[in-house]
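Structural features, examined
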Amino acid sequence: MRRIVITGMGAICALGHDAPSVWKAMTEGRSGIGPIHHIQPGQLRNGGIAAEVVNYDPANFFDEARRSLLDPFSEYALIAAREAIQQSGISFEGEAASRTAVVIGTGVGGETTRDDLYERLYGEHQGRFHPLGIVRMMMNAPASQVSMVHGITGPSFVVASACASSNHAFAQAAMMIRSGLVDAAVVGGTEACITLGTLRAWEAMRVLAPDTCRPFSQGRRGLVLGEGAAMYVIETLESAQQRGAEIICELVGTGMSSDAGDIAAPSDIGAAAAMNMALRDGGLSPDQVDYINAHGTGTVANDSTETRAIHRVFGEHARELWISSTKPMHGHALGAGGALELVATIGAIHDGIVPPTLNYLGPDPACDLDYVPNEARERKVDVAISNSFAFGGLNAVVAVRRAP
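The following refers to the structure shown.

Cut-off values and rules
- Residues numbered from 1 in each chain as written.
- Predicted model: local features only at pLDDT ≥ 70, side-chain atom pairs only at ≥ 80, totals over all residues.
- Heavy atoms only, no water.
- Helix = DSSP H or I, 4+ residues; strand = E, 2+ residues; numbered from the N terminus.
- Polar contact = N/O pair within 3.5 Å; in protein donor to acceptor, adjacent residues only side chain to side chain.
- Contact = heavy atoms within 4.5 Å.
- Phe/Tyr/Trp six-rings, centres within 6.5 Å; stacked < 30°, edge-to-face > 60°.
- Buried < 20%, exposed > 50% of the residue type's maximum accessible area, 1.4 Å probe, protein only.
- Lys NZ or Arg CZ within 6 Å of the ring centre and 35° of its normal.
- Salt bridge = Lys/Arg side-chain N within 4 Å of Asp/Glu carboxyl O.
- Axes fitted to C-alpha atoms, helices over the stretch in contact; angles between N-to-C directions.
- Parallel < 35°, antiparallel > 145°, perpendicular 65-115°, else oblique.
- Nonpolar A, V, L, I, M, F, W, Y, C, P; charged D, E, K, R; others polar.
- Pairing = 2+ DSSP bridges.
- Core = buried A, V, L, I, M, F, W, Y, C linked by side-chain atoms within 4.5 Å.
- Arc of directions from axis to C-beta.

On the secondary structure map, T326 appears in the loop between β10 (322-324) and α12 (327-330). Side chain to side chain, T326 and H330 meet in a polar contact 2.8 Å long. Those residues in contact with T326 that lie beyond four places of it in its chain are N293, E341, A344 and P355.

Here S166 is to be found in helix α7 (residues 165-179). The spatial distance from the C-alpha of S166 to the C-alpha of G338 is 5.2 Å, given a sequence separation of 172 residues.

All told, the structure shown has seven aromatic pairs when counted by the stated rule. Centroid distance Y118 to Y122: 5.9 Å. Interplanar angle 55°. Geometry classified as tilted. In this pair, Y118 and Y122 both sit in helix α4 (residues 111-123), four residues apart, roughly one turn of the helix. What makes Y118 partly exposed here is its relative accessible area of 40%. Ring-pair connections join several aromatic residues into one group, and the members of that group are Y56, F61, F62 and Y76. Lying across the ring of W322, R377 places its NZ or CZ 4.8 Å from the centre.

Moving on, we get to the pattern of salt bridges. In this structure the tally under the stated criterion is 21 salt bridges. Taking the shortest distance from any N to any O, the salt bridge between K327 and E341 comes out at 2.6 Å. Residue K327 is found in helix α12, and its partner E341 is found in helix α13 (residues 337-351); the two are separated by 14 residues along the sequence. Across this residue pair, the class does not change: K327 and E341 are buried. By sharing partners, the salt bridges in this structure join R2, R99 and D183 into a single network.

Moving on, we get to the packing of helix α1 (residues 19-28) against α13. Running from N to C, α1 and α13 cross one another at 75°; their axes reach a closest spacing of 10 Å. With respect to α13, the axis of α1 lies roughly perpendicular. Of the residues in α13, those touching α1 at A19, V22, W23 and M26 are L340, V343, A344, G347, A348 and D351. Looking at the contact of α1 with α13 residue by residue, the class counts come to eight nonpolar, one polar and one charged.

With that out of the way, let us pick up the sheet that holds strand β9 (residues 291-293). Reading across from one edge, β5-β4-β6-β7-β1-β8-β14-β13-β9-β10 is the order of the 10 strands in this open sheet, with mixed pairing throughout. Because the sheet does not close on itself, it has two edges, and the strands there are β5 (156-159) and β10. The average undirected angle you get between the axes of adjacent strands in this sheet is 25°. Bridge count between strand β1 (residues 4-13) and strand β8 (residues 249-258): three bridges; the pairing is antiparallel. Opposite V5, over in β8, you have E250 as the bridge partner.

Time to look at the nonpolar core. I6, Y232, I234 and V343 are the most contacted members of the largest nonpolar core, which has 49 residues in total. At eight residues, the largest contribution of residues to this core is made by α13. With residues near it in sequence (within four places) discarded, V343 still touches M9, A11, A19, V22, W23, M26, A230 and Y232. Within the second largest apolar cluster, 29 residues are counted, among which are F73, A81, V158 and A184.

For helix α6 (residues 141-150), the full list of buried residues reads A141, P142, A143, Q145, V146 and S147. Buried residues in α6 make contact with α2 (64-67), α3 (72-88), β4 (100-105), α5 (133-137), β5 and β6 (184-191). With its phi angle positive at about 70°, G151 sits one or two positions after the end of α6.

Now for the side chain of T357. Along the chain, the position of T357 falls in the loop between β11 (353-354) and β12 (377-378). Under the relative-accessibility criterion, T357 is labelled buried at 0%.

As a further point, take the environment of G94. Within the secondary structure, G94 is located in the loop between α3 and β4. Each C-alpha atom, one on G94 and one on P215, is 47 Å from the other, the two residues being 121 residues apart in sequence.

A separate point is the pairing of strand β14 (residues 394-402). Both β8 and β14 contribute to a ladder of nine bridges, which runs antiparallel. Paired with C249 across the strands is R402, a residue of β14. Two elements, strand β13 (residues 383-390) and β14, share eight bridges in a ladder whose sense is antiparallel. Looking at the pairing, A384 lines up with V400 of β14. Linking β13 to β14, which pair antiparallel, is a turn of three residues; within it G392 sits at a positive phi near 90°.

Here we take up helix α8 (residues 196-204). Taken residue by residue, α8 has T198, L199, W202 and E203 as its buried positions. For α8, the arc enclosing every buried residue in end-on projection is 135°, short of the 170-degree limit, so these residues lie on one face. Against α4 lie the buried residues of α8. Phi turns positive one or two residues past the end of α8, at R206, with a value near 60°.

Laid out in structure tokens, this is it:
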């Protein structure tokens, strides 16, 4: 079976505009959650907090002609992809263009454009829309934009499975490389969901925290939305070695499952099935795993369910695991969540630093494992997994290990 390695990584979110900045903020335990800048607080019941991309001007990244085609969720994907491709040093000239895929996860698509169009239609009663509205808000826009900007002519598509979208994208890209359909992929996730319509819809579910996100902690009160993107270049070990690329780590396994149960309530059985599949796919035993980047949303149901699932998979070894959720720093970025969280997972392996679970007030009886509360710790990490569990009962897990 073809081995797959990661040779490039890029990111933009509330913690910074590039992957090193994002990772540095994670190790320092800095949170990007704060008041929302472009929505009036009175329009939201929870007071208006999120993890926004701040100090961001698209004119610093794109010319005017390109900006007219882009919703922020495509902008973020392009910025992160550019960084990943530059770090990788990969070329898409000649046959390589058709032997490379673009696979991007997103949960909701071009919400900024959609919100603006509907405000014009229903709020201002205007009859004319921007002629580029469809190409800005369509779900496949970021994959199409990345492929066009970089001349990638292989398979290009978007995966949309709510909060599991990014990890599903990694699984699809990995399977294409293993099958021989392509030799490399630009893969990750993107989201720009901090809009009034999206936030009001989440408020109606009564799952947004009014203060902050505190996964696995006593007193947790819900999730906080975030936005941004993270993109990666993955390729065969052989191709990376042939061109002398620096290998960041190995993408060793992926796992996917469906609860086939409740549309919103999570299942520990389904989550455990995805983790088990990722381990089997990577030829890993549970006791080889050192760190889990948890889905860890900060809701009462999700965190206790994920804890039970970890017990199911790891047995006594669960007590030896270090587990953390980085969502209190970059927010719950929905379809981009898994991609942003892979920055933390890879960083733990590469630098031997496990990022913390912020805002932890003390143990909840239903969450009885080591969640690396409040401060990062040093530890040699050889193998790690990253969990993403979505509404609809869709579960996707990625396993990575130290570079060969």
